[in-house]
Structure formats: C-alpha cells, structure tokens
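As a plain string of letters, each chain reads:
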Amino acid sequence: MSYLDNIRKVTPYVPGEQPKVEGELIKLNTNEFPYPPSPKVVEAIESLEVETLRLYPNTTAAPLAKAIADRYGFDEDEVFVGVGSDDVLANCFLTFFSSDKPVLFPDITYSFYDVWTDIYRIPYETMPLDDDFKIKKEDYYRRNGGIVIANPNAPTGIAAPLDVIEDIVSHNPDSVVVIDEAYVDFGGESALPLVKKYKNLVVVQTFSKSRAFAGMRIGFAIANKELISCMNNVKFAINSYTMNSAAIAYGVAAVNDNEYFIETVGKVVATRERVKKTLEELGFVSLNSATNFLFVTHKDKPAKDIFEYLKTKNIYVRYFNKPRINNYLRITIGTDDQMDKMISVLKEYL
Ligand SMILES: *Cc1c(COP(=O)(O)O)cnc(C)c1O
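Because the structure is predicted, anything quoted here is derived from the model rather than measured.

Parameters at a glance
Residues numbered from 1 in each chain as written. Predicted model: local features only at pLDDT ≥ 70, side-chain atom pairs only at ≥ 80, totals over all residues. Heavy atoms only, no water. Near = heavy atom within 4 Å. Polar contact = N/O pair within 3.5 Å; in protein donor to acceptor, adjacent residues only side chain to side chain. Areas by Shrake-Rupley, 256 points an atom, 1.4 Å probe, with all protein chains shown as cover. Helix = DSSP H or I, 4+ residues; strand = E, 2+ residues; numbered from the N terminus. Buried < 20%, exposed > 50% of the residue type's maximum accessible area, 1.4 Å probe, protein only.

### Thoughts on the site of the ligand
At step 1: Contacts to the ligand come from G84, S85, D86, L89, Y110, D180, A182, Y183, T206, S208, K209 and R217.
At step 2: Between an oxygen atom of the ligand and a side-chain N or O atom of T206, the distance comes to 2.5 Å.
At step 3: Bound to the protein, the ligand loses 93% of the 390 Å² it would expose on its own.
At step 4: Broken down by element, the residue count for the shell around the ligand peaks at 4 residues, all from helix α3 (residues 84–96).

See below:
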C-alpha cells in the first residue's frame, strides 16, 4: 500500500502546444482566431469599473446568458454559460451521462470526450465514421446512456447535414444528445432551431474560435430550461462562481457586435477556400471544411515529415498520431499573410 493508491488517476487531454520560439512564430495548431476581438470589447475593457471586482460575480453569468439568449432567440433560462465550452461539455457529461448504459460518440472526434468519460467513470462506445469520415446515423439507434457529436467534426472539419442530426435526436427520446458546435459559425448548420422541438437536445458553442476569445474562456449551452436547470444544479454543487465579472462584461460586448463577427468570420472562410485550392495544386487532398481549419493529406509526402519540417521553420500545425488519421495535418486558418508564408515554405519543401 502507498498513499498513491487512493488517488484518482486519469490520462489527461493534451492541448496543442503553445510554443516559445525565437523570432516570428506562425501558430496554426490550436484553431485560434487570427483577428483580434471586436473593438466593442476594447471599449468594455476600458470602461470596466475595477471597484466592482470586490464583489462576487453573478452565479449564472445572467447578463451574458441574457445577451446570448437574445442573440439566438431563446429565453435566459434556456442558456448555461461556462468557462469555455470545455467547461460546459464537462458539465454536460457529469449531468446528463449518468447511467450504466454506454455513451456513444464517433471514433474520430474531439479527443477530450474519452477523457471526460474516463474521469467521470462513464461507460462509452465509439462508432466508426465511414471511409469518407462521415457519421452513419444508424450507429446511433442502439441502446445508449447519451450521445455526443461534434458538428462540424474535429479534426476532420466535416459538417453533417442537419437532417442527420435531427434523425439521431429523434431516435433517442430517452437519452440526452449533446451537439458540440465549436466550429459551426464557419459553415455548419446549427441545431439550435431543433432545441424548440426536442427536449433531449443540448447545443454547445464557444466564443473561443469565431469570436476571437480563446483566452477569455467563454462557452455556452442552449437547451430546454429543465436541462439547463440540471446543469446549474451540478455547477452549484461544485463551484458557483465559475465566470468572473470581467469575462461576463466582455462577453456581452463580444456577442452584441454581430457586424464585426460576420465580417471577420467571412474573412477566415474566404482565406480557407483560397488556401484549400492552392494546397490542392501542390498535391494535397483536403477534406471539405466547414470550420476554421483544413484537414489535409499529401499524395507523396508523409504528413509527419511535413509537420516536422514546418516546425523547423517556426510554423506550427497539428499532427495526430492516431489510427486512420496519422497521415493528415490539421492546419488552422490564419491571416492571409501567415497562410502565404506557410505555402511558400511548403513549395520549397515539396
Ligand atoms: C476548441 C474546441 C472546444 C472547446 O473550446 P473552448 O476553448 O473550451 O471553448 C470544444 N469542442 C471542440 C470540438 C473544439 O474544437
């Protein structure tokens, strides 16, 4: 026996590197937004009353929940706000996946899901995507204790059509279906309208990718108010004050500037389509992306070698040494200038 025997041990999720390098770094490895947050956020930061930091924040981040609810046409009590969508998703796993039946998710998806099932001791089964990395909806007709699907999926970038999502939700009235829409703003079809129709559906989104707020840590879930209330109860059982007052205020400013959001997301999408074409001319095959990244493989050169070479040039992309995807690279869409630099380095290499 040892004092280590009584400890909870878990294999943690490994995020993309935040490298420290000499000189210019082109960081295309964690799907951050290439443009700064809205100028309205700058105003909100400048007008923050420091005196208010003396007080505890609002426990449900109510002003931000209200702003998100207004933006998407819901009531405030249909919105749960958390410290990034990782926090929101962890809460979903703990709250909704509490049976002996396995939770289902695809074999290739966000690699945090099996970490949460592990730490919360939730049984799970992974459902293989087809050869084109698409979801087979029939896989989700079996007995389960809940379902989680990233749509668009990561790291493939592929979006499932809304009728596939609806089919899965409607086949599972007795379990909660969580749709992780971290990338939906870049071209996916959101399941939010279905929340009005299905009581078992939870849609999770984040400010980290399309609202340039990865560092501010804001994510949210939208579902019927009964489910949201269950999420809040679980949160209040662990930590009532997850969202700090500053993040709440800046989040309101960010969500209210829809014009800036549409303009900058549009720029990322335009860059993505341009880069996709150029990469295809260089011998890459790129999956159709509905996200702010491209998932590519090269017809001659191993992905791992390209990854290592780019790294020597201070260009960081993401490589997953996992079955089925170990010859692919996930490249975040940066500014046009960053992408042009990456392309010229790739041209040299190839
Ligand atoms: C980035 C990402 C998240 C979480 O991001 P947060 O910064 O915690 O909001 C969740 N799901 C997927 C699929 C992601 O790619």
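Text resumes after the structure shown.
### Let's talk about unusual backbone geometry
At step 1: With omega at -5°, the peptide bond leading from N151 into P152 counts as cis.
At step 2: At the junction of A154 and P155, the peptide bond is cis and its omega measures out at 0° in the coordinates.
At step 3: Considering the arrangement of structural elements, one finds P155 in the loop between β5 (147–150) and α5 (162–170).
At step 4: At N31, a residue that is not glycine, the phi angle is positive and equals roughly 60°.
At step 5: You can see N31 is positioned in the loop between β1 (26–27) and α1 (39–46).
At step 6: Judged by its relative accessible area of 1%, N31 falls in the buried class.
At step 7: In this model, N314 sits at a positive phi of 65°, which is unusual for a non-glycine residue.
At step 8: Along the polypeptide, N314 turns up in the loop between α9 (303–312) and β11 (315–316).

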